[in-house]
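Architecture and fold: a report
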Amino acid sequence: MGKVGTALRELRGAQKSAKGVSLYSRFVNRPAGRYLAAGSYALGLTPNQVTLVSAAFSFAAVTAVALAAPSWGLGAAVWAALAVGFAFDSADGQLARLRGGGSAAGEWLDHVVDAAKLTALHSCVLIAFYRFPEAYGTGEPAWLLVPLGFQFAAVVTFFGGLLTEKLKPKAAPGSPAAAPSTLRAVALLPVDYGVFCLVFLLLGGGPVFRWAYAGLGAVAALFLLAFLAKWFRELSAVRR
């Protein structure tokens, strides 16, 4: 516990800014990732290995959605695996900072896994809607467009946000970080990945899951429009 305790103390003082982060990520996922990072450090794992652990949990969950008939037990298992995968996704970056900084290859791997996870998750929901139409109430082919639309919104939001951060000017070293907005942190909850994972607890409800998933997809599309307008406005002032 000595090595873990030391790592936890160092990690508490090396957290990323909470600006633009939802309440779930700030108060649930990042703290969970901090404990996982400390444990991974004590075990001698590298950040890339932690990224692969995150991928293993996430892809096991999405594969189960596609292959298994929906049930309450499946929903609980899928949510748990996705939540653990998301926490490990936070842990890899924290572990990298604890070890003195990450690498370009590690950042690349992390983003590739995130993009693959988003794509696979909604693809597997589409497969589930197609394979189990009686359970989900998706006999009407139009329902298969819902995961495609959700996937489009999620991937464009992910890529757009990532590219915006790369193109925006970096803050000067030593400049004070902007204080996080509680209102914004609450407003971002509907599009937080950790909150989204909770919908899989409803898998056993069949049509209930379908409607909840579709509702979150509609919210994701609305947020995408708002994000695109905001990002374009911010980058319009940047000269390169």
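This write-up is about the structure you can find in this document. The structure displayed is predicted, hence computed values, not measured ones.

This part covers the nonpolar core. Residues Val78, Leu82, Tyr193, Phe196, Phe200, Leu203 and Phe209 are the most contacted members of the largest nonpolar core, which totals 33 residues. Broken down by secondary-structure element, the contributors of at least two residues to this core are helix 3 (47-67), helix 4 (72-98), helix 5 (104-131), helix 7 (145-167), helix 9 (193-197) and helix 10 (207-236). No other element matches the seven residues that helix 5 contributes to this core. Setting aside its immediate chain neighbours within four residues, Leu82 contacts Ser58, Ala61, Val62, Leu121, Tyr193, Cys197 and Phe200.

Time to look at helix 7. The first and last C-alpha atoms of helix 7 sit 32 Å apart over 23 residues, in line with the 33 Å expected at 1.5 Å per residue. Every buried residue of helix 7 is listed here: Pro147, Phe150, Gln151, Ala153, Ala154, Gly160, Gly161 and Thr164. The elements touched by buried residues of helix 7 are helix 5, helix 9 and helix 10.

Looking now at the side chain of Lys117. Take Lys117: it is sitting in helix 5. With relative accessibility at 6%, the residue Lys117 sits in the buried group. With residues near it in sequence (within four places) discarded, Lys117 still touches Ser58, Phe59, Asp89 and Tyr193.

Counted according to the given criterion, the structure contains 17 aromatic pairs. Joined through ring pairs, the aromatic side chains of Tyr24, Phe86, Phe129, Tyr136, Phe150, Tyr193, Phe196, Phe200, Phe209 and Tyr213 make up one cluster. Seen from the ring of Tyr193, Lys117 lies directly overhead, with NZ or CZ sitting 4.6 Å from the centre. Note that Arg210 overlies the ring of Trp143, its terminal NZ or CZ placed 4.4 Å from the centroid.

Our next topic: a nonpolar patch on the surface. There is a patch of nonpolar side chains on the surface, built from Phe159, Leu163 and Leu167 and spanning about 260 Å² of accessible area. Positionally, Leu163 belongs in helix 7.

Count 3.6 residues to each turn of an α-helix, and residues three or four apart come out pointing the same way. Here helix 3 spans 30 Å end to end across 21 residues, near enough to the 30 Å set by a 1.5 Å rise per residue. Here helix 3 has its buried residues at Pro47, Val50, Thr51, Ser54, Ala55, Ser58, Ala61, Val62, Val65 and Ala66. Take helix 3 and look down its axis: the buried residues cluster within an arc of 150°, on one side only. The inward-facing, buried residues of helix 3 contact helix 2 (23-43), helix 4 and helix 5.

Each value, and the rule that gives it
- Residues numbered from 1 in each chain as written.
- Predicted model: local features only at pLDDT ≥ 70, side-chain atom pairs only at ≥ 80, totals over all residues.
- Heavy atoms only, no water.
- Core = buried A, V, L, I, M, F, W, Y, C linked by side-chain atoms within 4.5 Å.
- Buried < 20%, exposed > 50% of the residue type's maximum accessible area, 1.4 Å probe, protein only.
- Helix = DSSP H or I, 4+ residues; strand = E, 2+ residues; numbered from the N terminus.
- Contact = heavy atoms within 4.5 Å.
- Expected span 1.5 Å × (residues − 1).
- Phe/Tyr/Trp six-rings, centres within 6.5 Å; stacked < 30°, edge-to-face > 60°.
- Lys NZ or Arg CZ within 6 Å of the ring centre and 35° of its normal.
- Patch = residues over 30% accessible without salt bridge, like charges linked within 9 Å, V, L, I, M, F, W, Y side chains within 5 Å.
- Areas by Shrake-Rupley, 256 points an atom, 1.4 Å probe, with all protein chains shown as cover.
- Salt bridge = Lys/Arg side-chain N within 4 Å of Asp/Glu carboxyl O.
- Arc of directions from axis to C-beta.

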